[in-house]
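Coordinate analysis (summary)
Each chain, written out:
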Amino acid sequence: MPDTRSPSSPRAPGVPPTLVDGTRLWVDARLRALVQRRGEAPILHRLGGDVPGGRALELGPGRRGTGLRLALELFGAEQATGVELYPASVADARLALDDLGGRVTVVQGDATALPQDDSSVDAVFGYHVLHHVGPWRDVVREAARVLRPGGRFYSCEMTARFIDSRPLRAVSRHPADGDRPTPEAIADACRDAGLTVVAQETRLAGLWTGLVATRS
């Protein structure tokens, strides 16, 4: 995903300042991987089902590559590719997933301009990627572009209600343009990109939302 750490980006009115940047610590933490494995992935699986024998793509898999492993183990994909912005994360994820051999590939790239061809994958996974990207709607459009007809976009996000809360802003840096994903905005962005929302579930008083959308 794009680097959102630049201190020069303007802050939207009403958005409190970020005091420190603990984002990467949480993204690659063991607890984060556990939440993803035990909570979020099963919800997305229930909403969208399997990808049996398919090709999966994960946006921003981080250093552990948990989502890529889950694409194979839980969703039934045959192959999975991760697109990660940071070179160090690419290298670490490759090591973490070495036991999966050629079934998993991790490449450096930008979620707003994916290196994959049009209509080339059966599923795109995004675990808390959109809120890290300023032009996050571009990410949704790219996901739609690379999906084959019938392919599914699986996304879960902490929403604007949480991202712009003062406690989180104190310890985690995010884009400062004020355009945060909300449950309604994510669903609308999918429709604008030509996807059909088939299921969405919002939890924690609107702080978290999971969505699955398909390409016609």
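This structure is a prediction, so every number in the text was calculated from the model and none was measured.

Here we take up the overall build of the protein chain. The helix and strand inventory of the protein chain stands at eight helices and seven strands. Residue burial in the protein chain is summarised as follows: out of 216 residues, 53% are buried. Here the analysis covers contacts within the protein chain between residues at least 6 apart in sequence; of these, 76% occur between residues at least 24 apart. Entry remark: accessible area of the protein chain is about 9,500 Å², with carbon and sulfur atoms responsible for 53%.

With that out of the way, let us pick up the pairing of strand S6 (residues 195-203). Strand direction decides the pairing type here: S6 and strand S7 (residues 208-215), joined by eight bridges, are antiparallel. Directly across from Val197, in S7, lies its bridge partner Ala213. As consecutive antiparallel partners, S6 and S7 are separated by four residues, and within that stretch Leu204 has a phi angle of approximately 55 degrees, a positive value.

So, on to unusual backbone geometry. In this structure, Ser119 is a non-glycine residue whose phi angle is positive, near 50 degrees. Looking at the element boundaries, Ser119 is found in the loop between strand S3 (104-108) and strand S4 (121-127). Even without being glycine, Leu204 reaches a positive phi, approximately 55 degrees. As for its placement among the helices and strands, Leu204 is situated in the loop between S6 and S7. Judged by relative accessible area, Leu204 falls into the exposed class, the value being 57%.

This paragraph deals with the packing of helix H2 (residues 30-48) against helix H3 (residues 66-73). Between two packed helices, the angle of one axis relative to the other and the distance separating the axes together describe the packing. With their axes 10 Å apart at the nearest point, H2 and H3 run at an angle of 35 degrees to one another. Here the hand of the crossing between H2 and H3 comes out right-handed. For the pair formed by H2 and H3, the contact residues are Ala33, Gln36, Arg37 and Ala41 on the first element and Thr66, Gly67, Arg69, Leu70 and Glu73 on the second. Along the lines of polarity and charge, the residues of the contact of H2 with H3 split into three nonpolar, three polar and three charged.

Here we take up the nonpolar core. For soluble globular proteins, nonpolar side chains are generally found buried alongside one another. One finds Phe75, Val104, Phe125, Tyr127 and Tyr154 to be the most contacted residues of the largest nonpolar core, which totals 29 residues. Of all the secondary-structure elements, those providing two or more residues to this core are H2, H3, helix H4 (87-96), S3, S4, strand S5 (147-158) and S7. Apart from residues lying up to four places away in sequence, Tyr127 is in contact with Arg32, Gln36, Glu40, Ala41, Leu44, Glu58, Gly67, Leu70, Phe75 and Cys156. Ala111, Leu130, Val140 and Phe153 belong to the second largest nonpolar core, which has 26 residues in total.

Turning our attention to helix H8 (residues 183-192). Residues Pro183, Ala185, Ile186, Ala187, Ala189 and Cys190 constitute the buried set of H8. Where the residues of H8 are buried, they touch helix H5 (136-146), S5, S6 and S7. One or two residues past the end of H8 sits Gly194, with phi positive at roughly 90 degrees.

Before going further, it helps to spend a moment on the packing of aromatic side chains. Inspection of the entire model under this criterion finds four aromatic pairs. Centroid distance Phe75 to Phe125: 4.7 Å. Interplanar angle 65 degrees. Geometry classified as edge-to-face. Of this pair, Phe75 sits in the loop between H3 and strand S2 (79-84) while Phe125 sits in strand S4, placing them 50 residues apart in sequence. Overall, Phe75 belongs to the buried group, its relative accessible area being 0%. For Phe125, a relative accessible area of 1% corresponds to the buried category. Look at Phe125 and Tyr127: their rings are 6.4 Å apart centre to centre, the planes differ by 5 degrees, and that puts the pair in the stacked class. We note that Phe125, like Tyr127, is buried.

Parameters and conventions
Residues numbered from 1 in each chain as written. Predicted model: local features only at pLDDT ≥ 70, side-chain atom pairs only at ≥ 80, totals over all residues. Heavy atoms only, no water. Helix = DSSP H or I, 4+ residues; strand = E, 2+ residues; numbered from the N terminus. Buried < 20%, exposed > 50% of the residue type's maximum accessible area, 1.4 Å probe, protein only. Contact = heavy atoms within 4.5 Å. Areas by Shrake-Rupley, 256 points an atom, 1.4 Å probe, with all protein chains shown as cover. Pairing = 2+ DSSP bridges. Axes fitted to C-alpha atoms, helices over the stretch in contact; angles between N-to-C directions. Left-handed = near helix turned anticlockwise from the far one by under 90°. Nonpolar A, V, L, I, M, F, W, Y, C, P; charged D, E, K, R; others polar. Core = buried A, V, L, I, M, F, W, Y, C linked by side-chain atoms within 4.5 Å. Phe/Tyr/Trp six-rings, centres within 6.5 Å; stacked < 30°, edge-to-face > 60°.

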